[in-house]
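# An overview of the molecular structure
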Number of protein chains: 2
Amino acid sequence: MTESTAKKPSRIQLRNRKRIMDAALDVFSQHGYRGATLDQIADAAGMSKPNLIYYFDGKEAIHVALLNALMEKWLAPLAEMGPEGEPLEEMLGYIRRKMEMSRAYPRESRLFANEILQGAPRMRPHLESRLKPLFDEKSALVRGWMDQGRLARSDPAQLILTIWAITQHYADFDAQVRVLVPGEAEGWTAANAHVEAMFRNLLTPKDTGS
Amino acid sequence: MTESTAKKPSRIQLRNRKRIMDAALDVFSQHGYRGATLDQIADAAGMSKPNLIYYFDGKEAIHVALLNALMEKWLAPLAEMGPEGEPLEEMLGYIRRKMEMSRAYPRESRLFANEILQGAPRMRPHLESRLKPLFDEKSALVRGWMDQGRLARSDPAQLILTIWAITQHYADFDAQVRVLVPGEAEGWTAANAHVEAMFRNLLTPKDTGS
DNA sequence: CGCGTTTTTTACCATTTGGTAAAGGCACGA
DNA sequence: TCGTGCCTTTACCAAATGGTAAAAAACGCG
């Protein structure tokens, strides 16, 4: 609808839009929305500031475009968790994917963290329309597993929040983690091992006898 | 040393410094360092911008003063955990205090979160000199408990990181939590219950038979 | 090539923002 | 009550920042 009259973008347009988005991800994730400047983004993208504006309507438009583009990627790990497999393995798989996201895409994680920290001014609609339904769906799935006794019982919503908190912590608070836990590369393997063991422990159903 | 030649501050000075710090906490925690403006802080403190500068050397000085003042309060819950009591109760007490901090002082939590997110540019010295030693000390304490079999074994450092991740999440990502988990006041009781049960579960030593 | 279209640059601009200068107000002890 | 030193305000300012106008350059296609 929004694009009904838009012509199809040229190769240059596509390439430059991507360059801008990548540069903006760098800058926004490092300095936050207000801390980022168009000049910084332009520099990082290797083009002039007015040239940025030629491709995007303005600073806010770039930010919103980033947020929109990232939302799907960000939800994917949770979306993939389905009722087909063994509950414990489905959950652990989800947790592993989430850890991998934090490791591989820390900029994206920090971009979201910045946005949420400031009250999600530009993302609340997305949270309500995309995140909430998925969250509710998966909460119900987990509750079902618990009801069947295939997963240790707890509050599914709180459980998912807990998973997010821990996995994202490694990306968002990287600066702190690095100070406290020396060793760069090994840091992740230790973190992965701990998180996996922890949730395996928590999620494995207790044999209730009978 | 720094204050060797300073006169003792008057009553007005004390009062206004407090007003400024409180206002600055509001503004910085909501918008981040660069997102905050002196005008906003001045408004919130009910005084003029040059008057701010009369009491503090500038924007950065206010931010640093805030960070310094907050550090002690922030470390207190962990500092209080000592070797006297029963390990499980000591840990759960710590976790409860940390949750209470997030509930009672979300602005402080977000201020730190903002700072760490951006790489702790103004706080890294503090992290190294104050946080790291405490972290190492308490990690060792926890490891000792585990070695004695009085706490379930895991990586102490990762365990503490995990506690921070979860407890701070409720303050820092409040905007998201609110969208996902309806109910304001009850939210905290559900969160408290979940976190306590979770860590009790994790920390209780498994009877290894004999 | 020739020419319309897309892309990029140069030169600006208005607003915001951190900060200053200096005069005025105010409190309070002698 | 008068002056002295602490506090506050008014009037500014230079730099930074988001954004625009319009000319110049590059592209691509018949």
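Structure first, text after, so check above.
The notes below deal with the structure included here. Please read all numbers here as calculations on a predicted model, not as lab measurements.

What follows covers the overall build of chain A. Looking only at helices and strands, chain A has 10 helices and zero strands in total. Each helix and strand of chain A, ordered N terminal to C terminal, gives the series α-α-α-α-α-α-α-α-α-α. If one aligns the C-alpha atoms of chain A with their principal axes, the spans along those axes are about 70 × 45 × 30 Å. Out of the 210 residues in chain A, the part that is buried amounts to 50%. At a minimum sequence separation of 6, the contacts of chain A that also span at least 24 residues come to 71%. As presented, chain A carries roughly 10,200 Å² of accessible surface, and 52% of it is formed by carbon and sulfur atoms.

The subject of this paragraph is the interface of chain A and chain B. One frequent convention defines the size of an interface as the accessible area lost when the parts assemble. Between chain A and chain B, the residue contacts involve 51 residues of the former and 51 residues of the latter. Summing the contributions of chain A and of chain B, the shared interface buries around 4,500 Å²; its carbon and sulfur component is 67%. When the area that chain A buries against chain B is broken down by residue, the three leading residues are L117, Q158 and L180 of chain A, summing to 16%. At the boundary of chain A and chain B, one finds four residue pairs in polar contact (both at pLDDT 80 or more). Take the side of chain A that touches chain B: its biggest share by element is 12 residues, from helix 8 (residues 156–172) of chain A. Split into classes, the residues belonging to the side of chain A that touches chain B amount to 24 nonpolar, 18 polar and nine charged.

The next point concerns helix 5 (residues 87–104) of chain A. Residues separated by three or four positions in an α-helix point in the same direction, a consequence of the helix having 3.6 residues per turn. When the terminal C-alpha atoms of helix 5 of chain A are compared, their 25 Å separation across 18 residues agrees well with the 26 Å that a helix rising 1.5 Å per residue should span. Against the buried residues of helix 5 of chain A lie helix 4 (59–80), helix 6 (106–117), helix 7 (124–147), helix 8 and helix 10 (185–203) of chain A.

What follows is about the protein's contact with DNA strand C. Close to DNA strand C lie 16 residues; S10, Q13, R34 and Y55 of chain A together with L38 of chain B are nearest. Restricting the count to atoms of DNA strand C within 4 Å of the protein gives a sugar and phosphate share of 59%. Counting only elements with at least two residues in the surface near DNA strand C, the list comes to helix 1 (11–35) and helix 3 (49–55) of chain A together with helix 3 (49–55) of chain B. With four residues, the single largest contributor to the surface near DNA strand C is helix 3 of chain A. Looking at the surface near DNA strand C residue by residue, the class counts come to six nonpolar, seven polar and three charged.

Within the secondary structure, R110 of chain B is located in helix 6 (residues 106–117). Assessed through its relative accessible area of 17%, R110 of chain B is described here as buried. Excluding anything up to four places from it in sequence, R110 of chain B contacts L117 of chain A together with S29, A171, D172 and D174 of chain B.

Before going further, it helps to examine the packing of helix 1 of chain A against helix 4 of chain A. Residue and element names in this part refer to chain A. Running from N to C, helix 1 and helix 4 point in directions that differ by 105°, and their axes come no closer than 10 Å. Classified by the angle between their axes, helix 1 and helix 4 sit roughly perpendicular to one another. Here I20, M21, A24, L25, F28, Y33 and R34 of helix 1 lie close against helix 4, whose contacting residues are K59, E60, I62, H63, A65, L66, A69 and L70. For the contact of helix 1 with helix 4, a count of residues per class yields 11 nonpolar, one polar and three charged.

Now for the relation of the copies chain A and chain B. Superposing chain A onto chain B takes a rotation of 180° plus a shift of 0.0 Å along the axis, which leaves an RMSD of 0.0 Å. Read as a symmetry element, the transformation amounts to a two-fold axis. Take the interface residues of chain A: 100% of them recur as interface residues in chain B, which is what a same-surface contact looks like.

What follows concerns the packing of aromatic side chains. Residue and element names in this part refer to chain A. In the structure shown here, the tally under the stated rule is 10 aromatic pairs over all chains. Over the face of the ring belonging to Y33 we find K59, whose NZ or CZ atom lies 4.7 Å from the ring centre. The side chain of K73 reaches across the aromatic face of Y105, ending 3.9 Å from its centre.

On to the protein's contact with DNA strand D. With respect to spatial proximity, 17 residues lie near DNA strand D, and among them L38 of chain A together with S10, Q13, R34 and Y55 of chain B are the closest. Atoms of DNA strand D within 4 Å of the protein: sugar and phosphate make up 62%, bases the balance. Between DNA strand D and L38 of chain A there is a distance of 2.8 Å, counted from a phosphate oxygen to a backbone nitrogen or oxygen. Contact between DNA strand D and N51 of chain B: a sugar or linking oxygen at 3.3 Å from a side-chain N or O atom of the residue. Looking at the surface near DNA strand D, the elements that each hand over two or more residues are helix 3 of chain A together with helix 1 (11–35) and helix 3 of chain B. Tallied by class, the residues present in the surface near DNA strand D amount to seven nonpolar, seven polar and three charged.

Our focus in this paragraph is the environment of R96 of chain B. All names here are of chain B. Mapped onto the secondary structure, R96 falls in helix 5 (residues 87–104). In this structure the C-alpha to C-alpha distance between R96 and A193, which are 97 residues apart in sequence, comes to 10.0 Å. Setting aside anything within four residues of it in sequence, one finds R96 in contact with E89, E196 and R200. Reaching out from R96, the side chain makes a polar contact with the side chain of E196 at a distance of 3.0 Å.

Applying the stated rule across the entire model yields 36 salt bridges over all chains. Close ionic contact of R107 of chain B with D26 of chain B constitutes a salt bridge, the shortest N to O distance being 2.7 Å. With R107 of chain B in helix 6 and D26 of chain B in helix 1, the pair connects residues that are 81 residues apart, well separated along the chain. Relative accessible area serves as the criterion here: at 26%, R107 of chain B is assigned to the partly exposed category. With a relative accessible area of 34%, D26 of chain B lands in the partly exposed category. One connected set of salt bridges, linked through shared partners, spans E89, R96, E196 and R200 of chain A.

Rules used in this analysis
Residues numbered from 1 in each chain as written. Chains lettered and ligands numbered in written order. Predicted model: local features only at pLDDT ≥ 70, side-chain atom pairs only at ≥ 80, totals over all residues. Heavy atoms only, no water. Helix = DSSP H or I, 4+ residues; strand = E, 2+ residues; numbered from the N terminus. Buried < 20%, exposed > 50% of the residue type's maximum accessible area, 1.4 Å probe, protein only. Contact = heavy atoms within 4.5 Å. Areas by Shrake-Rupley, 256 points an atom, 1.4 Å probe, with all protein chains shown as cover. Buried area = accessible area lost by both parts, 1.4 Å probe. Polar contact = N/O pair within 3.5 Å; in protein donor to acceptor, adjacent residues only side chain to side chain. Nonpolar A, V, L, I, M, F, W, Y, C, P; charged D, E, K, R; others polar. Expected span 1.5 Å × (residues − 1). Near = heavy atom within 4 Å. Axes fitted to C-alpha atoms, helices over the stretch in contact; angles between N-to-C directions. Parallel < 35°, antiparallel > 145°, perpendicular 65-115°, else oblique. Least-squares fit on C-alpha atoms with pLDDT ≥ 70 in both. Phe/Tyr/Trp six-rings, centres within 6.5 Å; stacked < 30°, edge-to-face > 60°. Lys NZ or Arg CZ within 6 Å of the ring centre and 35° of its normal. Salt bridge = Lys/Arg side-chain N within 4 Å of Asp/Glu carboxyl O.

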